[in-house]
Protein chains: 2
Amino acid sequence: MVKYSYVGKDVPRLDAIEKVTGTALYTGDLRFPGMLHTKLLKSPYAHAKIKKIDTSEAEKLPGVRAVLTGEEAPYRFGIYMSDKTILAIDKVRHVGEPVVAVAADTEEIAEQAVELIKVEYEELPAVFDVRKAMEEGSPLVHENLSEYKHAPFVYPKPGKNIANHFKLRKGDVERGFREADVVIENEFYQPQVQNVQMETHTSIGQWLQNGQINVWTSAQSPFAVRHLLGVGLGVPLHRINVVVPYIGGGFGGKAGLHWEPLVVLLSKKAGGRPVKLVMTREEQFYTTAVRQGFYGRIKTGVKRDGKITAMEILYLWDAGAYADYGVNITRAAGYSCTGPYEIPNIKCDSITVYTNHPYGTAYRGFGHPEFHFATERQMDLVAREIGMDPVEFRLKNAAVPGRITATGEKLREDAGRVDECIKAVAEAIGWGKKEPKQVGGKLRGRGIAALWKAPAMPSFTSSSAILKLNEDGSVTLSISSTEMGQGTPTALAQIVAEELQMPIEKIKVVTKRETDFGPYSWQTVASRGLFMEGNATLDAAKNLKEQVKATAAELLGVPKEKLVVAEEKVFVPGQPDKSLPLASLATAGIFPDGRGIGGPVLGYGMYTAEGLTNLDPETGQGLPALMWTFGAQGAEVEVDPETGDVRVLKMASAFDIGKTINPTIVKGQIYGGIVQGIGSAFMEEFIFDQKGKLLNSNLTDYKICRAQDIPDEFVFIPIENPQLNAPHGARGVGEHPRISIEPAIANAIYDAVGVDLFEIPMSREKVWLGLKRKGERK
Amino acid sequence: MVKYSYVGKDVPRLDAIEKVTGTALYTGDLRFPGMLHTKLLKSPYAHAKIKKIDTSEAEKLPGVRAVLTGEEAPYRFGIYMSDKTILAIDKVRHVGEPVVAVAADTEEIAEQAVELIKVEYEELPAVFDVRKAMEEGSPLVHENLSEYKHAPFVYPKPGKNIANHFKLRKGDVERGFREADVVIENEFYQPQVQNVQMETHTSIGQWLQNGQINVWTSAQSPFAVRHLLGVGLGVPLHRINVVVPYIGGGFGGKAGLHWEPLVVLLSKKAGGRPVKLVMTREEQFYTTAVRQGFYGRIKTGVKRDGKITAMEILYLWDAGAYADYGVNITRAAGYSCTGPYEIPNIKCDSITVYTNHPYGTAYRGFGHPEFHFATERQMDLVAREIGMDPVEFRLKNAAVPGRITATGEKLREDAGRVDECIKAVAEAIGWGKKEPKQVGGKLRGRGIAALWKAPAMPSFTSSSAILKLNEDGSVTLSISSTEMGQGTPTALAQIVAEELQMPIEKIKVVTKRETDFGPYSWQTVASRGLFMEGNATLDAAKNLKEQVKATAAELLGVPKEKLVVAEEKVFVPGQPDKSLPLASLATAGIFPDGRGIGGPVLGYGMYTAEGLTNLDPETGQGLPALMWTFGAQGAEVEVDPETGDVRVLKMASAFDIGKTINPTIVKGQIYGGIVQGIGSAFMEEFIFDQKGKLLNSNLTDYKICRAQDIPDEFVFIPIENPQLNAPHGARGVGEHPRISIEPAIANAIYDAVGVDLFEIPMSREKVWLGLKRKGERK
């Protein structure tokens, strides 16, 4: 058993005081001399040809510095599927799509100018339903799909509204169904929702006349922004600097690139003045990226003893008008399609479908919250059919180490244990206890749902870290993983403190990210931060130690191997005269006779995700990811049978996180994920009119989970089976708490009142209707 | 002969376009939310007790956020002598010294508040002349001198107005004078002047409630600001981040620390809001640091054959009220006191004297322009006395390799050659040519002056560099040496280009300096940038090469030693199949079978100034510096005998810079130094009233060299005897062109009209008076 001094302790978040005192700087806080402000002319149509754009009146307005149309910005951007220009060209594909952008001295002038722009449209038939969009003869959202660049693992279908079709074929699904005692099929549905970050998409761009591009942006991944911007515009990367200050929430919606090219191109047209764009809350709902909608159909074959024999799965993803991230969500959901179970025979089709809805992107959980609603509801429905306890049923099929996943991967011994999570949650939630179901006229029930998700790190993506020894012996850590609320920087400081055995107060983690200065990091997405940056940071701390030991060994005349770094000193244990303060080695080491050696100490560390992830294009078999995090969530709810109102009394969660670096920060992730999931479970939903116009693009009509909606009680049980290649064994858990909230609650609602729900959000109305129908059936 | 591809070429300055288009950001351009503005209540007295300060009315003024007095800021700051608080405590020591500072919502409110503050003073006798300040019974500027912390090589004299007394004793000066055929003694004088940077001292400070301090400042040395601020305030260094954007000129006046503590303390009092201070031009003249005044007396013994036998030297430096940098200027001038000559017997006393003038600091050349006026005028005066040609006289005594300097240092073979510089300048200036002296009623003359200065780098101070390989194979260099006009970053890019054999267009040098991110660098002062950062950058480039070669060797299956990095590739010469683009190695290397190695490539380099500089406290003998740069300047002038008006027709300069990295940038330094020297030679001067109030604290009454005043012709002859431990042999030459302008011109004036000048500035009036006296003597 390792004895830890800093890892595993409740170190307060490094950013706490700055945030509660309001001094933390966000992109929106930044102002520069001569800065211009952007407003957008947006499409009123879901699908229309652009016949003519007349910007002449807008250009004449005093204070207008640049008016940009799509034709002037013929660049396609994207990380997995470059299907999007930053302003519509030739046609618009969703209501709210920007057509013309104006940069002016003030927001007011820009808004005025937008009103002076005349656009002639020719409306086209639109499609909003993923199943209809799949039909022959459906209006085509993209005519030139074959021309778009995309990642090699993406399989678009030109001539159809299919941006990606991921196939998984394992075993013989027909034989599996034949072997089954029972075969059950169900459909599940979720609407598009929004990530609803507190800070809307905000970017400042400047394209200087010397060819340098400066970007300040609320983006999750500064290096990804630099890369995608450079590739998209054809500008070498060293000419682009991307600065990311604090981020007011990302949740996937700020991964990759969004509006950075727009402000950069406006700046170029405005002669190099900095140009700022702050999305209004309304625009955040329908102009910028949202979470995809979901339709799922699952057919499960099972034996009476509880062993699942086959699953046939169809997942259709409503990517909206553009599908960059969508195509990869489709893939990730496809290779994880079964949930955390060993299923011998599988046929899965996971398809990214274009519609004329707002464009979809990543959202915390990367498709997993959506499809786990389907799989974990289905687990309960199947268990019920064969009369088995849902917990027992899950444990029977659980993908534990040594078992085979959907893609044929045999789980490593250190892969983490979903069975322990399920058992822990069942116990915490009081599973099997015979408590009175009815309390004061309301009905109580319990539900459980398991989950898995691979913290995504494609092969050979990497992270790095710079750890500098300051002249007074303190250290400064620079990493390029962003802080958008997760708390990773605090955990990284703990990793440094542990490795250097140095008080946490002597460690600074730089709060800003800047590509010119910072060490390379691929992206801050997919629960990869702690694992990747943690490993890189550990490497940097070791590198720093090596340097100070090498210098100290010479100065003290002792072998390097005998030296220990701790308490801001490097020393030979038990020999008080063989000791040097770290401060004395920070810029150069000096012998007693005045000679010097060494120089400024900068520890550099890096980590590359090792392992060849690759899936067969026809069968989806292979290694999809380099690690998994498993978990389970349990809900206890109380339903008012008169109104259909559901209150979550308790949420219990267990995740096999390998090792807890900071208990409070982990809990912050867990509780935050649950709260977000409750919003999705009960209230979040895009409501469109028949023409594809979003009717609730504001936080009055679009509800998210508020203080009154959170559970009365949260219980979190950390499961700690360390992963061998992780920093101190710790796995990422950023997205996982957001997964399987909805099915746990839905299963609990059934337990309480016997109503089966297949659609999200599970509004009061739907529960009430379910109760009513049930009553009618009786 | 090394063949260079990038070194030695005229690469355009990297900052050129940003600066000519006005988009380069300076500290003054920065704005932050809630930022406050500072105004100062300044002392109207040169020396007075502060009896009472009443800030109550000012504090009541709406919009005033913090009012700070000296008592609330009892911290002493300084790099060599911590004798200064940022606001006067108990007494004021010069007119313009800040007594109270106000931070308010606007500059106007702050100014109004300052007017509401009442201070009662009791005037004290003041002293303004360094010789009077040395007398017994002079008013004491500092009563508590013994309590101030100072560097070990500083010798203050408590109870006197002496901040430092540097002694140099070599041989037997009395015997030297006895051996001489002629002994000549002269006195020389220069007033205080100002560095007159285009950008005045400007700082923004923020002391957040979490204990973090952020500083944005127009300072030469971000790490020095961090260090001095931290030590002064007792704050650990990792809690301080210092950002330095472009700097509008430093010239020594922005070395060390100036007003950063003031804005930081105001911010603390204002609850963590950022606080900005922009010195007005008037304040720049008498509130902030200026160049010291100078009084010199030199007695020289010489044989008829031209061999100097002895020099007795007294240099008194008018440090004004505070002497931080002054004490080190005294020392540097002391150890270089003779100029670039071998003198067997020397007695020198170089003394920092406190007066009630504005406080002195570093100025381009660090005392050398001042004392070279004395030594190089004296060389001409002595040569004339023994009837020897001044060029021949200088060459006879020149400190060439193998000869012994004033401190007993035997010059290394690669130390550089002043004799070659003198000869080159003599030839360029047409020395000895018998041209008509009188041209159109005006009289022409030629003068020459040699010089030396050690690019100062104390033992074991260091610099470092970070060179990142970007994903597209371009590279980004981060150094912490600042850009204030010198052009060092462009030269460093050339060093990278040469080492990596990579097109200069593919190299970015980060323009901002930031201590949180940047590699450590001691200071950007004393002509050390190119040598120190150049060596560190070279080391970083080699480190980067090692990393890419190591990865490529494995991928290509060849020994590392066979690999070459050039043209953005790593390859085995002559084997086209053994080649990889750098881009393919930037984040990780991938084998054809899909396995990967390596990770993000970050080259780290460092350089520590090696060699034990140390001088005996009694005799000043020892090694004062680790290198020297030698040079000579020649002037051709035309004097109007009617008016005393002097026009510089031509300046010829030669410096042994070892190796030219960028000819145009070197010329920029040379011409800039000359122009600055011409300002000092003819016009720059602080004019005080009898109470110590500066009468010409504006650019109307205080003249600097303007376009109309520059020479008709500049000639620069690079001498290139490489220094072995320098990057490509290149020596620093940032300050040297500023040295020996005044004596070259003074010597030329004598040559033209026979008037000897001993005081600077050599105004028209002084020349005319000299001509008049000469006429009277006839």
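Owing to the predicted nature of the structure, the values given are computational and were not obtained by experimental measurement.

Quick notes on the pairing of strand β10 (residues 213-217) of chain B
All names here are of chain B. For β10, the tally of buried residues reaches five of five residues, placing the bulk of the element in the interior. Burial of the side chains of β10 extends over both faces: Ile 213, Val 215 and Thr 217 are buried on one face and Asn 214 and Trp 216 on the other. Linking strand β9 (residues 202-207) to β10, which pair antiparallel, is a turn of five residues; within it Gly 211 sits at a positive phi near 90°. Of the strand pairs in this sheet, β10 and strand β11 (residues 240-244) are connected by four bridges, and their pairing is parallel.

Overview of the domain arrangement of chain A
All names here are of chain A. When the domains of chain A are assigned, the result is domain 1 (16-22 + 461-608), domain 2 (31-124 + 201-278) and domain 3 (290-400 + 409-457 + 613-777). In this structure, domain 1 and domain 3 have C-alpha centres spaced 39 Å apart. With 21 residues of domain 1 at the contact, the number on the domain 3 side is 22 residues. When the buried surface of domain 1 facing domain 3 is broken down by residue, Ala 526, Ser 527 and Phe 531 rank first, second and third, together holding 38% of it. Linking domain 1 with domain 3 are zero salt bridges. At the junction of domain 1 with domain 3, the criterion picks out seven residue pairs in polar contact (both at pLDDT 80 or more). Mapped onto the side of domain 1 that touches domain 3, the elements with two or more residues apiece are α13 (488-500) and α14 (529-556). When residues in the side of domain 1 that touches domain 3 are grouped by element, the largest group, six residues, is from α14. For the side of domain 1 that touches domain 3, the per-class residue count stands at ten nonpolar, nine polar and two charged.

Overview of helix α16 (residues 741-753) of chain B
Residues and elements named next belong to chain B. Across its 13 residues, α16 extends 18 Å between first and last C-alpha, which sits within 8% of the 18 Å expected from 1.5 Å per residue. The set of residues buried in α16 consists of Ile 741, Glu 742, Pro 743, Ala 744, Ile 745, Ala 746, Asn 747, Ala 748, Ile 749, Ala 752 and Val 753. Directly beyond the C-terminal end of α16, a positive phi value near 75° is found at Gly 754.

Quick word on the packing of helix α10 (residues 368-386) of chain A against helix α11 (residues 390-397) of chain A
Residue and element names in this part refer to chain A. Orientation of α10 relative to α11, taken along the N-to-C sense of each, is 110°, at an axis distance of 9 Å. As summarised for this structure, α10 and α11 are arranged roughly perpendicular, according to the angle between their axes. On α11, the residues touching Glu 376, Met 379, Asp 380, Val 382, Ala 383 and Ile 386 of α10 are Pro 390, Phe 393 and Arg 394. Of the residues in the contact of α10 with α11, the class split is six nonpolar, no polar and three charged.

Comments concerning the relation of the copies chain B and chain A
With an RMSD of 0.0 Å, the operation that places chain B on chain A is a rotation of 180° combined with a shift of 0.0 Å along the axis. The superposition of one copy onto the other is thereby described by a two-fold rotation axis. Both copies contact each other with a shared surface, as 100% of the interface residues of chain B are interface residues in chain A too.

Side note on the pattern of salt bridges
Scanning all chains against the criterion turns up 96 salt bridges over all chains. Between Lys 307 of chain A and Glu 342 of chain A there is a salt bridge; the shortest N-O distance is 3.8 Å. With a gap of 35 residues between them, Lys 307 of chain A in the loop between β14 (293-302) and β15 (308-320) and Glu 342 of chain A in the loop between α9 (324-335) and β16 (345-354) connect regions that are remote in the sequence. Taking relative accessible area as the criterion, Lys 307 of chain A reaches 23% and is therefore assigned partly exposed. The class for Glu 342 of chain A is buried, based on a relative accessible area of 18%. Here Asp 593 of chain B makes a salt bridge to Arg 595 of chain B, at a shortest N to O gap of 2.8 Å. Residue class for Arg 595 of chain B comes out partly exposed when judged on its relative accessible area of 48%. Taken together, the salt bridges that share partners define one network made up of Arg 13, Asp 15, Lys 19 and Glu 483 of chain A.

Analysis parameters
Position numbers for residues count from 1 along each chain, tracking the sequence in the order it is written. Lettering of chains starts at A and numbering of ligands starts at 1, both following the order in which they are written. Owing to the predicted nature of the model, reporting of local features is limited to residues with pLDDT of at least 70; listing and counting of side-chain atom pairs is limited to 80 or more, with chain, interface and lining totals taken over all residues. Water and hydrogen atoms play no part in the side-chain values, which are based on all heavy atoms of the structure. Here's how the labels work: a residue is buried when its accessible area is under 20% of the maximum for its type, exposed when over 50%, partly exposed in between, all with a 1.4 Å probe on protein chains only. Labels follow the DSSP assignment, with helices taken as runs of H or I lasting at least four residues and strands as runs of E lasting at least two, numbered in each case from the N terminus. Pairing between two strands requires that DSSP report at least two bridges joining them. Marked domain ranges trace back to an automatic or database domain assignment. We call two residues in contact when some of their heavy atoms are within 4.5 Å. A quick way to say it: buried area is the sum, across both parts, of accessible area lost when two parts are put together, with a 1.4 Å probe. We count a salt bridge whenever a side-chain nitrogen from Lys or Arg sits within 4 Å of a carboxyl oxygen from Asp or Glu. Side-chain atoms alone can form a polar contact between residues adjacent in sequence; in general such a contact is a pair of N or O atoms within 3.5 Å, and within protein one must be able to donate a hydrogen while the other accepts it. Residues are sorted three ways: Asp, Glu, Lys and Arg are charged, Ala, Val, Leu, Ile, Met, Phe, Trp, Tyr, Cys and Pro are nonpolar, and all the rest, Gly among them, are polar. Helices are assigned an expected span. That span is 1.5 Å times one less than the residue count. Each axis is a line fitted through C-alpha atoms, taken for helices only over the stretch in contact, and angles between the N-to-C directions span 0 to 180 degrees. Throughout this description, any angle smaller than 35 degrees is read as roughly parallel, any larger than 145 degrees as roughly antiparallel, any in the 65 to 115 degree range as roughly perpendicular, and the remainder as oblique. We place the copies in one frame by least squares, fitting the C-alpha atoms of every residue whose pLDDT is at least 70 in both.

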